[in-house]
Amino acid sequence: DRALAWTVGHEGYSRFADIHFDVDALHPDAMPPEDNVFSVAHERDGAVRGSRVVSAFGIRPQFGAVAVRLVGRLIAGGALSDIEVLLRPVQRASLLRVRGKEPIGFNFSRVHLSENGTVVVAVDDTLEVQTDLVPRQPFRMVMRDVLLPLQGGQTSFDISSFEDGELMDTTVSFPSFRAPAHVDVSEVEVLNQYKREDSGQFRVEAGFGNRLGEWAQLRARLRFSVGLPPPLTLHVAAESWRFAPRSATLREQHALGGVSTVAVEQLEALAEDGSAGALRLKLDTPLFPQDAHVYELSVDVYAPSPSDCACWTAGRCLLCKSNWTFEVLDGGRMPLATNDGLLLGFPLVSELLFAVFVNRAPPSALLDLTLRFEGVGAIPATSVIVMAPAGYNFPYSCLSAGTSNASLSTDNAPKFTACIGRLNIAVLGLNANGLFRPTTVSLRATTPRSTPADNRWYLEGRLTEGNVEVGWGVAAGPSSEGLRQVTVEYGNFKTVSTHFLIRFASAVDVEGSGAIVVIPPPGYLLSCEEFLPYVMPRGADQVGLGCSALRQGVRIAYEGATLQAGAPYSFTVRGGTAAASAADTAADAFTMQILQSEGRIVESNYQVPAARLVGFGNIETPVLLWYDQPLPGATIWATVGIHIPLRAPPGLQAVRVGLPEGLRHGVAVTVRESQPNGVTVASRTSAAPVYVPGTFSDFTEWTMLARASGFIGAGGLLGSPSGNASAEGIPEEPMPIEDDVRRWLDLGRNDEVGVRFKPDLSFPAGELYIQFPVVLPAVMPPLNVWRVTFVFADGSPLASFVLPGFGDKKSSSPDAELRARHVFQHAGLEYFAFSALDRGGAALGSRGRLPWLSFLLFASGAPWLLGAA
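Residues numbered from 1 in each chain as written. Predicted model: local features only at pLDDT ≥ 70, side-chain atom pairs only at ≥ 80, totals over all residues. Heavy atoms only, no water.

> Help me understand the sheet that holds strand β34 (residues 513-519) in this model?
Across a sheet, paired strands are connected by hydrogen bonds in the backbone, their directions being either parallel or antiparallel. Within the open sheet, the 5 strands sit side by side as β36-β37-β34-β39-β40. Their pairing is antiparallel. Each of the sheet's edge strands pairs with one partner strand only, and the pair in question is β36 (545-550) and β40 (601-609). Adjacent strand axes in the sheet meet at a mean angle of 15 degrees, parallel and antiparallel pairs treated alike. Bridge count for β34 against strand β37 (residues 553-559) is 6 bridges, and the pairing is antiparallel. Bridge pairing in β37 links valine 517 to arginine 555. (Pairing = 2+ DSSP bridges. Helix = DSSP H or I, 4+ residues; strand = E, 2+ residues; numbered from the N terminus. Axes fitted to C-alpha atoms, helices over the stretch in contact; angles between N-to-C directions.)

> How should the layout of surface pockets be read in this particular structure?
To find leftover empty space, a probe the size of one water molecule is rolled over the atoms. Of the pockets and cavities examined, the second largest pocket occupies roughly 1100 Å³. When contributions to the lining of the second largest pocket are tallied by element, the ones reaching two or more residues are β33 (497-505), β35 (525-535), β41 (623-627), β42 (635-644), β48 (766-775), β50 (799-804) and α5 (814-826). In terms of residue class, the lining of the second largest pocket is built from 21 nonpolar, 12 polar and 9 charged. (1 Å grid on protein atoms, 1.4 Å probe; cavity = no way out; pocket = protein on both sides within 12 Å on 5 of 7 lines; lining within 4 Å. Points joined across faces, edges and corners; volume = space filled by probe spheres on them. Nonpolar A, V, L, I, M, F, W, Y, C, P; charged D, E, K, R; others polar.)

> Please explain the state of the cysteines as it appears in this structure.
Cysteine pairs can be linked by a disulfide, which is a covalent bond between their two sulfur atoms. For the structure on display, the rule yields 2 disulfides. In this model, cysteine 398 is linked to cysteine 419 through a disulfide, with the two sulfur atoms separated by 1.8 Å. Here cysteine 398 and cysteine 419 share a disulfide; its torsion about the S-S bond, -90 degrees, makes the bridge left-handed. Residue cysteine 398 is located in the loop between β26 (383-387) and β27 (416-422), and its partner cysteine 419 is located in strand β27; the two are separated by 21 residues in the primary sequence. An identical accessibility class is assigned to cysteine 398 and cysteine 419; each is buried. Between the sulfur atoms of cysteine 528 and its disulfide partner cysteine 547 the distance amounts to 2.0 Å. Taking the torsion about the S-S bond as the criterion, the cysteine 528 to cysteine 547 disulfide, at about -80 degrees, is left-handed. With cysteine 528 in strand β35 and cysteine 547 in strand β36, the pair connects residues that are 19 residues apart, well separated along the chain. Looking at cysteine 547, the relative accessible area reads 24%, which means it is partly exposed. (Disulfide = S-S within 2.5 Å. Buried < 20%, exposed > 50% of the residue type's maximum accessible area, 1.4 Å probe, protein only.)

> How do you make sense of the sheet that holds strand β24 (residues 353-357) when you look at a structure like this?
Strand order across the open sheet formed by 3 strands is β24-β25-β29, with antiparallel pairing between neighbours. The outermost strands of the open sheet, each flanked by one partner alone, are β24 and β29 (439-446). The average undirected angle you get between the axes of adjacent strands in this sheet is 25 degrees. Taken together, the 8 bridges between strand β25 (residues 366-375) and β29 define a ladder with antiparallel strand orientation. The partner of leucine 366 across the bridge, within β29, is threonine 446.

> Which parts of the structure should I look at to understand the pattern of salt bridges?
Should the charged atoms of two oppositely charged side chains come close, the side chains can pair. Scanning the model with the defined rule gives 33 salt bridges in all. Arginine 140 is the partner of glutamate 84 in a salt bridge, and the nearest nitrogen-oxygen pair spans 2.6 Å. Of this pair, glutamate 84 sits in strand β4 (residues 80-88) while arginine 140 sits in strand β9 (residues 139-147), and the two are 56 residues apart along the sequence. Judged by its relative accessible area of 7%, glutamate 84 falls in the buried class. For arginine 140, a relative accessible area of 34% puts it in the partly exposed group. Across the pair arginine 503 and glutamate 489 runs a salt bridge, and its minimum N-O distance is 3.2 Å. Of the two residues, arginine 503 is situated in strand β33 and glutamate 489 in strand β32 (residues 485-490); the sequence distance between them amounts to 14 residues. Put simply, Arg69, Glu84, Glu115 and Arg140 are held in one network by salt bridges that share partners. (Salt bridge = Lys/Arg side-chain N within 4 Å of Asp/Glu carboxyl O.)

> Just to check I follow, could you spell out the nonpolar core for this structure?
Side chains of nonpolar character tend, in soluble globular proteins, to be buried together. One finds Phe493, Phe763, Phe772, Val774, Trp786 and Phe790 to be the most contacted residues of the largest nonpolar core, which totals 41 residues. Only β41, β42, β43 (652-658), β47 (752-756), β48, β49 (785-792) and β50 provide two or more residues apiece to this core. Element by element, the count of residues in this core is highest for β42, at 5 residues. Here phenylalanine 763 is in contact with Phe616, Ile644, Leu646, Arg647, Ala648, Pro649, Leu652, Met735, Pro736, Phe757 and Leu768, once residues within four sequence places are set aside. Counting residues in hydrophobic clusters, the runner-up holds 39 residues, among them Leu234, Val299, Ala337 and Leu348. (Core = buried A, V, L, I, M, F, W, Y, C linked by side-chain atoms within 4.5 Å. Contact = heavy atoms within 4.5 Å.)

If you want it as C-alpha cells, here you go:
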C-alpha cells in the first residue's frame with residue numbers, strides 16, 4: 001500500500017517540536033513520470049489539522065532477477081573460462097557494461113560472445129556490449145574466455161545499462177560465485193617397482209613404461225596460488241585408477257628450508273584389498289601459498305586393466321592416458337582450489353608374455369632360436385624390439401631361413417616382414433595388422449661364450465607410426481650348454497715341455513666330417529708333435545685324421561666319420577706351459593670347440609679350467625720305460641725316470657705313479673733291496689759347477705773346481721755333464737727318501753705306487769728312477785696313459801704329468817733306456833735285473849760310466865786335449 005497511518009498516542013507532541021522518524025519503503029521499478037511527491041497530513045478526530053506536500057527523491061532503477069554464474073569447463077584461478085550473466089531490465093537500453101569488481105584479476109580482453117550482443121570495449125576487468133535490453137524481458141549473455149583471478153575467492157560484479165550515454169539500470173557489487181584458486185601440479189611421476197629399485201638390477205625394466213594392472217607409486221609436487229584455511233580435504237582422482245590411501249604421505253617443504261610431514265586422515269571408504277577409487281585426505285592445518293611452501297604428495301596407485309579403462313574402451317585415450325584431478329575442498333559447492341583435471345598422465349602399456357626356445361645352446365654357436373609370443377597386449381605392436389643378454393649377436397638379417405611367418409598368406413596369424421640385427425638387439429617388423437595374436441617366429445643368433453650372469457631377455461612392442469611404446473616383457477633365456485664332458489691334463493709345472501691329454505664327449509652327433517679345436521691359456525703353446533689319437537672318430541679305412549697348428553693351439557680334423565654323442569674321445573699332443581698362471585682366473589682356461597665341416601660350432605666350452613702352475617727345480621717331463629715286451633696278461637717291469645736339473649726347495653712329500661685302467665702293480669714287499677716283487681729306486685745327484693772370475697786365465701784353479709764338482713773324471717778327462725759329485729772323495733748327496741722301511745712306500749691302491757720323501761729337506765738336482773712290476777690285463781685299455789703325481793706338504797695343488805703308455809711300441813726308447821742303465825749302474829744296480837731275456841752286450845764303463853769322448857776347448861789359440869776313458 002502506498003499510504004502509511006501512524007497513531008502517536010493520547011499525549012501527542014508539543015507545538016513547534018521537531019519530529020524525526022525512519023520509514024522502510026519499497027521503491028517502484030522506476031521514478032514516476034508525474035506526481036513524484038510525498039504528502040504528509042496530521043489528523044485529529046477525523047479532521048485535518050495540518051498537511052504538507054514535498055518533492056520525492058530521484059530513483060535509480062536496478063536490474064531484476066540478476067545472476068552471474070561460472071559455467072566454463074575450467075574453473076581454477078588463472079584459467080580461461082565462461083561466465084553466464086542473467087538479468088531482467090527495467091528500462092530500455094542499448095549498451096550493457098559489466099565489471100569484475102572482486103577479486104582483483106579478472107580480464108575480459110579475450111572475451112567473445114556466442115549470442116545477444118557485440119563486444120564494443122574489452123579492457124582489463126571491464127566489458128561493454130552493444131545489445132538490445134527490453135524492459136521486463138529476461139536477458140542472457142555468456143562471456144567466453146574470461147581470465148579468472150589467479151588467487152580465486154568470492155566474486156562480485158557491477159552491471160549497468162545505458163541509452164544514448166544516459167545511465168538506465170544498474171546493479172552494484174552483486175555477489176556471485178566463489179572462484180577456486182589454482183593448484184599447480186608439477187614433477188609428477190608414476191614409479192613402478194622397477195623404477196623405484198635403486199640397486200641397478202632392474203635398470204632395463206625401469207626404462208620401459210608402466211604396465212596395466214600393476215601397482216606403482218604416484219609422486220607429485222603441489223603449489224597453491226593462495227593460502228587455504230582449515231579444515232580442508234585434499235582430493236585426488238583419475239578415471240579407472242585405484243588408490244591405496246593408507247600409503248599416502250604429504251610433506252611440506254618450507255621456502256626457507258626444512259621439511260615436515262603434514263598430518264592427514266584418510267576419509268575414503270576402502271575395499272577389502274585396502275584400495276579406493278579416489279584419494280581423500282583430511283587436513284586440520286592450513287595450506288600455505290606457493291611463494292612460501294611446496295607440498296610433496298606420495299601414494300600407491302593401481303593401474304587399471306584394459307577392460308577397466310573407461311577412457312580407452314571409449315576411444316578417448318591411448319591405453320588409459322587419463323586426466324588427473326587435484327583439488328582442495330571445504331564442503332562448498334565449488335572447490336577451494338583445483339588443477340581443473342589438466343594433468344594428462346601416464347600412458348600405460350601391456351605386458352608381453354613370451355618364451356625363448358632352442359634345441360641346444362653351445363657357446364659361440366650360430367643357431368636358430370624360437371620366440372613364442374604367449375600374450376601380445378591390448379594394442380597390437382607393429383614393431384618388436386628383441387634385446388638378448390650381453391654376449392649374444394644377431395646377424396644383420398636375422399630371420400631364420402625358411403621362417404614360415406615371413407610368408408604367411410593367411411590373415412589368421414601375424415606376419416613378420418623383416419628382422420634387422422646388430423649386436424644383441426634385433427628389430428622385428430610386422431605388417432599393419434601388427435602382433436594381434438600369439439604366434440612364433442624363428443631368429444638366427446650367435447650365442448655368448450658362457451651363460452650370461454644376467455640371462456634375461458626383453459621384448460618391447462611399439463607402434464611404427466608415432467614410435468609409441470605399447471608393451472614390454474621379460475623372460476629367462478636358455479642356459480648356455482657348453483661341452484660339459486671335457487678335461488685337459490698335463491704336467492702343471494712352470495715352463496715345462498710336456499704331454500697334454502684332452503678327453504671329451506659330445507652331447508650331439510657330428511656326421512660326415514668335422515674338427516676339434518683346442519686353444520690353451522695365454523703363455524701356453526700346443527703343437528702337433530707326438531700327436532697320439534687314443535679314441536677319435538675315423539673313417540672305415542682308419543684314415544682321414546690330421547693335426548694342424550691353430551694360433552697357439554691345435555686343430556684335429558677328421559673326415560668320413562661320425563663323432564657320436566656320448567662316446568668318450570681322447571688324444572694327446574705335446575706342448576709347453578707358461579712361466580706362471582694367469583692372474584685372471586677367467587683367462588686361465590682352455591677353449592674347446594667341436595666344429596661341423598663348414599666350420600659351424602656344434603659344441604664348445606671356453607672355460608675348461610687350467611691347473612695352477614707350480615715350480616720345482618725346473619723339472620722336466622718324466623720318461624716311461626719298460627721291459628720285457630708288454631703282452632696281454634704278462635708281467636713287465638715299468639720304470640719312471642725323473643730329471644730335476646736344479647735344486648728344489650723343501651716340501652715334496654711323495655711321488656705317485658698311477659697306472660692306466662686295468663693295469664695293476666705287482667709290488668708285495670717294502671724292502672729297500674732290489675726285489676722282483678718290490679720297488680727299486682736308483683738315483684744320481686749332481687752339483688752345479690762353481691766358477692770364479694777369470695776362469696780361463698787360471699787353468700789350475702779352474703781344473704780343481706771342475707774336478708771337485710765332478711766335471712773332470714779320473715785321469716784328467718772330462719766326465720759327463722751330470723758327473724758323480726763324489727768323484728774325488730766328495731760324498732754324493734742322497735735323495736731325501738723316507739728312512740722308515742715301513743713308510744717309504746705308499747701301496748694303498750693296486751693301481752698306484754707311491755714313494756714318500758722327507759718334506760723338510762730340499763730336493764737335490766739329479767735323476768731319480770723308480771722301477772716296479774706291473775701286471776697287464778688280458779685286454780689293454782684304449783686310453784693307455786700313465787700319471788706321475790707330485791704331492792707337496794705345504795698344501796700346494798697336486799702336480800701331475802701324463803705319460804703316453806706302450807701303445808703299439810714293443811720296447812722303450814733306446815736312448816732313454818741307455819741313460820737309465822747308466823744311473824742304475826751308478827747306484828750299483830742292474831736295470832734289466834728281472835728281465836727274462838738275454839740282455840748281453842758291451843760292458844758299461846768303470847765306476848758306472850758309459851764310454852765318453854771327452855774334449856776341452858781352451859781360449860783362442862790354445863791346443864785341444866782329447867782322450868778316452
